[in-house]
Each structure stands twice: as structure tokens, then as C-alpha cells.
Amino acid sequence: MNIWLAEIWLAWRASLRRPGFLLLAAGVLALGIGATTTVFALIQGTLMKPLPYPQAGRLVALGMPEDNGAVTTSPQMYQHLLGLDGVRSIGIGASLAPSNVYVQGQPVQVPTMLADRHLLPTLGVHLFLGRDFTADEDRPHGPSAVILGYAFWQRFCGGRKDVVGRTLVVEGTPHIIVGVLPAGFDLFGKIDIMLPMALSPGTTDDGTNDLTVARLAPGVSLASVSSQIDARLRTMESSNAYSASQHAFWRHVHFRAVTLRQQRHADEHGVMMLFLGCALLVLLIALVNVGNLMLLRTLARGHDGAVRRALGASALHQALPVLAEALLMGLCAGLAGIVLASLGLKMLRVFVAGNLVDLSVVAFGPGTMALAVVAAVVVALLAAGMGVWRSRHLADPERLREGGRTDRRLGRVLVVTQVVLATMMLSVTGLFLHALYQAAHTRLGFSDRGILTFELAPVKAIYPDAASIQRLSQQVLEPLRNLPGVDAAIASTNLPVGMQFNIGDVVSSRGEQPQNVQFRAITPGFFTLFHIRIHAGRVFTREDARGSEPVAIVNRELARHDYGGDALGKTITIGSGGHRLPLRIVGVVDNTSQFGALWPQPPILYLPLTQTPTQLLDVFRYFEPMRFAIRVHGDPATYRDAVRRVVARVAPMQPIANLRTLTSVVASQTADTRQDLLLIGVLAAMALLLATTGLYAVMAVSVAARECEIGVRMALGAAPPRLLRRILLDGAWQVLIGLMIGIGLTLGLARFARELMFDALGRTNAFEPWALAGVVALLLLAGLLACLVPALRASRVAPMRALRGD
């Protein structure tokens, strides 16, 4: 043991005496460890964050699967899922449109959720004050009750514990405050009030916008519950009077249960896994690079190692100095990686909004730091193992007599591997950089300059139907248009960017049923205000009022997909059963990018607000408020006070919310995608730097290993230029083989990346012929330069020096 400790100390002292190699190798490895540690901390702050419920592992979400892995249910589905075997309790909730409350003498718009009286007990949530809804309150037309969110209670009620039993006016109707939620409750994000779900027995509401949560009994598996869910909901589907196309759609759906953790983190999972994949690839390249550096170290010590072996040293004793050096390198790289990860996390907090994950609570605990150091040591020892395996050949007495010559097969494999990794990272980097460039330069299809927007959720007791909502819109718009400096003012269910509202039961004149059609009810002047170009036909006018011919405008994507590009004058029908409404298409407008340039442009159906059916508008206002916009001269932000005064004058009980410029709305809607791409681009650029420098290192190892062969050829009369051409040609073939393998793997990786990003990159194509040619040219040039420098060095070595093997 003392001999081993002495050997380790001697190896460490030698490394510290000449720290150049240690700093280089530890720095390369620290980059990989730092990137991986940062991503792991982000994952720990999202996917691995424990749910704030007792025995959360037994909580599951039930229903119809979505593309992102989450599930949703409808009120009708929920009632068919009651009484499942192995389910101890079950409840339903939904995120609602912001509600209007009157508190402290002023109207306020607050985030709201609905819940039945079984949801909180199922989650195991105990109210901070008061009680849950009663059976009488949780029924249609029951007593009006409300539960306050903890932050709302603190902000507007001063944290008074006698608030229970008091009255809060919600949507113009007094509600009795029955309880206060605990701090940190965030099943649907931040909410200020909770209202009863109040489902009707035997409801036929099949809108899949709700969350059903169940608590499983001990020992009950997800698979057994999923099979029950699928059987029950298929029975429900077969008994409903759906159309043939709807029945065909339901036949391809497999209903199931997922853990509540998976449900909560469905949106983050794909992006986080993509981050982790990029970070692990960075770590893999760092491992290969450190392995190459260890091979260089082995070549330098090859003769000394062979002497040790010839004098009878055991394999373990011979490998001990290399492993000791790797241990020191791993410890240094682990500590440096933690420092780099801490700096990276600080930079994320400064430059990246915490929409995906709350960066303020992400930190490196003792476990994360220990894992980083252990990972660094393991990677360093693996790299050293590659050197030890190579030194086993170099230390062979027969090879000692041959002057340290070694086979070139491993060197060629390492060159090809390095080129494959470099090709993959360069191509993927091109994909993300292309996406970022497109996001910055592609037109969104509308103008966001000089526009101020705000939201109104019409108070239900004062504006109960479509006619009253339309009347409120006109009452607000008229004085806004008369403000000095205002060019135009409009009202709409949607802005051109942001929130989406899919409309079902849409049938084209060809009898086809388009999927994922977006609905927007607008007032005249909408397209002019946002500078959306009219492609064909006309815009809506004041004559398109209730009682006149129902009309519609579609965007070019809907016209292309369902009318072959010729939609003008055709008919499109919305609604079902006795509520079917045929609309004549009077105009076709340009597409708009709803969530930014990287996302596909959806099919959109525009209706005049004055002709929008009451049923459709009622469904919309259940989830979202109305949007208003004005185009002004000068800075739109300076008109905020004037807008507040107008709304307060024409509708004193109507709250106004989210007074923002459209430019800021666009920035917030596209921020997540840009930040995701930026983070992945940084990881890819880091990996590319490691890959290209590693390519030089591995080529240097490969050529240096042929130094003896080069000396023999030169001693036999080979001219240095001829040797140089031979080495360059051999290196070019290795680079070409790596390029071919790397391009093939990259194409598959691109499809994987698009799936993880939920088609956010679907409109980008970094793999066009010119892009591939650029990758090939760049890596060929890098490979030849990496080969040229060590080849020139080797060709200038005196033959006798090479033959002596140093």
C-alpha cells in the first residue's frame, strides 16, 4: 500500500511540476462536465422535482393522450370513469378564463380554475383556512361559493383569518368565501380563485379541456387502470351520436393513465431530453478528446513503460502512474466543471427567462456536486484505460526491440470516430443556427409596430350573451378611435400571435373536415390594423352584421389545404346537428405565424364578431378573454392611461388587463423557442469546438505513431514530399469515411430532434445539398490541416532519430 501511495504521489508531483498537460486535459473534460451538470440541474428542477402532494407516486391523470404525452378529459368522460377498480378517489379540474372580481372598491381580472369537490381530497391538499365545496355548492345553480388562492388572500384580504364567510363579487355575482388554498398550490399554475365545477349529472359535454386526477390504491398498476379506462371510454364513444369521421377518429385513440408527474412536465420533457442529449454528446466528445490526449501521453512514455515491463513490473504497477494522473485530472476537472456549471447557471438567470423552469430555485446541492466529481473521475479513468490498453502493446518486449512501433488500426478508428462526432455536431449546429436565423429574419405575416393591446373578459352577469359582448366591444372601440393619435382600433377573440382556439365541426364545400382550424372573431379593420395582406376577395365591413348573409375569411393555408387554393366564393360549414351554419368565403388573407417563425402556420377561419354564433362565443369566453388593439402614432406605451380612462368611463365594472405593446407580446410568445434553440446551440457550439480540436489531436496521435515507419522510408530513400502526399491521402480517406458515417447518423438525429421539439423545427432544413457540401468541405479542410501539421513535423525528423525510437 505504501508503494502504491508513493507511486501516486510521484505521479501527482510530476504532473504538478509540469502542469501543461494536466491543465489541457482537465480543461477539456471540465467543459463536458460543466455542460452536463448544468443540464442535470435544470432537469432536477423540473422533471425530478417532487410533487407537493402526499404519496404523490399514487396520483395519476386519466383520459385521452395528447402529442406531448399528457392526457385530457371531458366532463362526459369523467362521469364515465367514476367507480374504477383500484381507484381510491377521483376528481376533475380545469383552467378557466380570467375571472372578473370586485375587491377593495375596484374591478380586477384574476386567474381562475374550476374544481369539483373531490379534486382537493384526491390530491391530499388541506385548505389553509375553511373548507372545500359541499355537494350542494358543486351542482348546477347551487349556492355561489369561492375558494381563494393564498397569494390573493394575502394581497387583497390582508391575510385576515376572518375572511371565511365574507362575500366576494365574482363576474357580477356575490360568492361566499368558504376557504383559502395553501401556499404553493399550482396544479394549473398561478391561480387566485377556485370555483365549483358544478357538472350536470349525465352531461354530454365532450370538450377535452379538463384534467382528471385519480389516487390509486396500493399495488394497483397503471396498465390495469389504463385497460379499464380504454374499455369504458370506448363504450361511451360507441353510444354517442358522432359523425362517421368522428367515430373513425375515436377508433384510433387509446385512452390511458399517466403519472401526475408526467402530466405536469409533459411540455418540458421533450426539450429537457434534447438538452440532456446534447450535453451527453459534449461529454462523449470530451471523453474521446481526453482519451486522445492520454494516447499522446502514452506515446511519450511508451519506451519507459516498455523498460518497466521488461524489468518485471506487474501490469497494475505499470498502469498505476497513468491511473494516478487520471485521478488527479478527474478531481481537477470535476471541481472546474462545478465552477463552470455555476457560472453557466448564473448566466441563464441573467439572459434567459424562467418560463420553462423556475431558475431561481435551481441550485447545485451536495448530491449534484458529488455526482459531477464522480462523473469526472470515471470519465478520466476510462480515458486512462484507453491509454493503458495501448501501452500494453507499446510495452511488449518485442515492440521494445522494434523501437516502439505500433499498429495503426486503433489510430484510424479514432480518426474516423472523431470525424463522425464532428460531422454530427457541425450538422446539428447548422440546423439550430439556421432555425435561429430564420426566426430572426422570417416575416410573421403581420406588423407589430405602433400597436397597444389589452384584454377584457366581459363580466358574465352584465354581458351574458353574444349580443351584449358585441355591444360592449363597440362601446369601447368608438371612444378609442376618437383618441388623438389613434389611427385604428379593433376587437377580436385573438391577436395574430399567441393564444390558439381550435374550432371543431368544420366542413369544407368538398365535404372534408379540416383538422386544427383556428377560430378568430374580429371587427372590421382587423387586417388593416395589423397590416395582414388580402390575397383575394374583400375584408369584413359594417354590413356584415347579424341578420345578413353569414360570411367568412380564410387564410391561404386553409384555402390551399381544403380548397386547392381556390376558396373564394366557396362554402365552409361550422357547428353540428341543429346548429350547423354555412358560411360563404368572401376573402383570402396571408398566413400569420401564430407562435413565431419556427412554428407551422395553422389554417385560420375568420368570422365577423357580429355574426359569431352565441354557442361558439360562449365556449370561447369560457377559456379566454377578448382582445383589443389600437394602432397609434409614437410610442404605444404612452397611451395606457388613456385606454384605462376610456374603459373605466364606458364600463365602470369591467376590469382591464395586460396592457402591452404587440411587440412585447410577440417577444414573449417566441421567447421560449428562441431560448431553447439558443441553449442547444451553445451546447452544440461547445461540442463542435471540442470535436474540431480533438480531430487535430487524434490526427497528431495517428501520425506520431507512424514516426518510426516514416524514418524507415526516409532512410530507404523516400522523398519527404512523397511521404507527405501519402500521409495526407491516408488521412483524407479516414476523414471521408467518417463523413459518410456521420452524415447518415446526422439525418436520423435531425428527425429525433424535430420530434423532441414538437415540430418547432419542422420548417427548417439544414440538410440541403449546399449545407451538406459545406459540412464536407469544412471537415475535409480541418482534417487535412490537422494531418498536415504533424505530417510536416514527422517528415522533418532525422531518420536515425526516428529509428532509435527516441
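Residues numbered from 1 in each chain as written. Predicted model: local features only at pLDDT ≥ 70, side-chain atom pairs only at ≥ 80, totals over all residues. Heavy atoms only, no water.

1. What about the overall build of the chain?
A count of helical and extended segments in the chain gives 23 helices and 23 strands. Long-range pairs, those at least 24 residues apart, make up 81% of the contacts in the chain between residues at least 6 apart in sequence. Accessible surface, the chain as shown: approximately 35400 Å² in total, 61% of it carbon and sulfur. (Helix = DSSP H or I, 4+ residues; strand = E, 2+ residues; numbered from the N terminus. Contact = heavy atoms within 4.5 Å. Areas by Shrake-Rupley, 256 points an atom, 1.4 Å probe, with all protein chains shown as cover.)

2. Regarding the pattern of salt bridges
According to the stated counting rule, one finds 21 salt bridges in the structure shown. Note that Asp590 and Arg556 form a salt bridge whose closest N and O atoms lie 3.6 Å from each other. On the criterion of sequence distance, the pair formed by Asp590 in the loop between β20 (581–589) and β21 (604–608) and Arg556 in helix α16 (residues 556–563) is long-range, its members being 34 residues apart. When the shortest N-O distance is used, the salt bridge between Arg560 and Glu557 registers 2.7 Å. Linking Arg560 with Glu557, this pair stays in helix α16, spanning 3 residues, or about one helical turn. Residue Glu557 is classed as buried on the basis of its relative accessible area of 19%. Each of Arg155, Lys190 and Asp192 takes part in a single network of salt bridges with overlapping partners. (Salt bridge = Lys/Arg side-chain N within 4 Å of Asp/Glu carboxyl O. Buried < 20%, exposed > 50% of the residue type's maximum accessible area, 1.4 Å probe, protein only.)

3. Focus: the side chain of Thr72
Among the structural elements, Thr72 can be located in strand β2 (residues 71–72). A polar contact is formed between the side chain of Thr72 and the side chain of Glu66, at a distance of 3.1 Å. Excluding residues that lie within four positions of it along the chain, Thr72 makes contacts with Leu62, Gly63, Met64, Glu66, Met77, Thr208 and Asp210. (Polar contact = N/O pair within 3.5 Å; in protein donor to acceptor, adjacent residues only side chain to side chain.)

4. Here we look at helix α18 (residues 640–650)
The set of residues buried in α18 consists of Ala642, Val643, Val646 and Val647. End-on, the buried residues of α18 take up no more than an arc of 130°, which puts them together on one face. Turned more than 90 degrees off the buried face of α18, the exposed positions are Arg645 and Arg649. Next to the buried residues of α18 lie β12 (451–456), α14 (466–481), β22 (626–632) and β23 (657–661). (Arc of directions from axis to C-beta.)

5. What to know about unusual backbone geometry
Residue Gln55 is not a glycine yet carries a positive backbone phi of 45°. A relative accessible area of 51% means that Gln55 is categorised as exposed. The backbone of Gln104 sits at a positive phi, close to 55°, despite the residue not being glycine. Looking at the secondary structure, you find Gln104 in the loop between β3 (87–103) and β4 (106–115). Judged by relative accessible area, which is 54%, Gln104 ranks as exposed.

6. Description of helix α6 (residues 222–239)
Given a rise of 1.5 Å per residue, 18 residues ought to cover 26 Å, and the 26 Å separating the end C-alpha atoms of α6 matches this to within 8%. The complete set of buried residues in α6 reads Val225, Ser226, Gln228, Ile229, Asp230, Leu233, Met236 and Glu237. (Expected span 1.5 Å × (residues − 1).)

7. With respect to the packing of aromatic side chains
With the rule as written, the count across this model stands at 10 aromatic pairs. On the numbers, 4.8 Å between centres and 80° between planes, the contact of Tyr622 with Phe623 is edge-to-face. Members of the aromatic cluster, connected to one another through ring pairs, are Phe526, Phe527, Phe530 and Tyr606. (Phe/Tyr/Trp six-rings, centres within 6.5 Å; stacked < 30°, edge-to-face > 60°.)

8. Observations concerning the nonpolar core
Side chains of a nonpolar character, in soluble globular proteins, are inclined to be buried together. By size, the foremost hydrophobic cluster in this structure holds 51 residues, and its most contacted members are Phe454, Leu480, Ile572, Leu605 and Ile630. Take this core: its biggest share by element is 6 residues, from α14. If we ignore the near neighbours within four places in the chain, the residues touching Leu605 are Val517, Gln518, Phe519, Arg520, Ala552, Ile553, Val554, Leu558, Ile572 and Ile574. Counting residues in hydrophobic clusters, the runner-up holds 42 residues, among them Val60, Val87, Leu96 and Val253. (Core = buried A, V, L, I, M, F, W, Y, C linked by side-chain atoms within 4.5 Å.)

9. A short note on the packing of α14 against α18
For any two helices packed against each other, one specifies the inter-axial angle together with the distance between the axes. One can describe the packing of α14 onto α18 by two numbers: an axis separation of 10 Å at closest approach and a directional angle of 140°. Judged on the interaxial angle alone, α18 and α14 are oblique. As α14 packs across α18, the resulting crossing turns out to be right-handed. Residues Gln475, Val476, Pro479 and Leu480 of α14 form the contact with α18, whose own contacting residues are Val643, Val646, Val647, Arg649 and Val650. Of the residues assigned to the contact of α14 with α18, the class counts are 7 nonpolar, 1 polar and 1 charged. (Axes fitted to C-alpha atoms, helices over the stretch in contact; angles between N-to-C directions. Parallel < 35°, antiparallel > 145°, perpendicular 65-115°, else oblique. Left-handed = near helix turned anticlockwise from the far one by under 90°. Nonpolar A, V, L, I, M, F, W, Y, C, P; charged D, E, K, R; others polar.)

10. Observations concerning a nonpolar patch on the surface
Taken together, the side chains of Ile737, Met740, Ile741 and Leu745 define a hydrophobic patch exposed on the protein surface, amounting to about 380 Å² of accessible area. For Ile741, the position within the fold is in helix α21 (residues 720–756). Note on Ile741: relative accessible area 42%, which makes it partly exposed. (Patch = residues over 30% accessible without salt bridge, like charges linked within 9 Å, V, L, I, M, F, W, Y side chains within 5 Å.)

11. Some remarks on the environment of Met236
Topologically, Met236 is positioned in helix α6. For Met236, a relative accessible area of 1% puts it in the buried group. Separated by 159 residues in sequence, Met236 and Met77 place their C-alpha atoms 7.7 Å apart. Look past the residues within four positions of Met236 in its chain and what remains in contact with it is Gln76, Met77 and His80.

12. Quick look at the confidence of the model for the chain
Confidence along the chain averages 80 in pLDDT terms, with 78% of residues attaining 70 or more. Counted against residues more than four places away or in other chains, residues 397–407, with its pLDDT under 50, gives 17 contacts. For residues 757–766, every residue scores under 50 in pLDDT, and the model assigns this stretch 41 contacts once sequence neighbours within four places are set aside. (pLDDT = per-residue confidence, 0-100.)

13. Structural notes on the environment of Gly91
The topology assignment puts Gly91 in strand β3. The class for Gly91 is buried, based on a relative accessible area of 0%. Ignoring anything within four residues of it in the chain, the contact list for Gly91 reads Tyr78, Asp116, His118, Leu119, Thr122, Leu211, Thr212 and Val213.

14. Remarks on the environment of Ser144
One can find Ser144 in the loop between β5 (129–130) and β6 (145–148). Separated by 23 residues in sequence, Ser144 and Thr167 place their C-alpha atoms 9.8 Å apart. Residue contacts for Ser144: discarding those within four places in its chain leaves Thr173, Pro174, His175 and Ile176.

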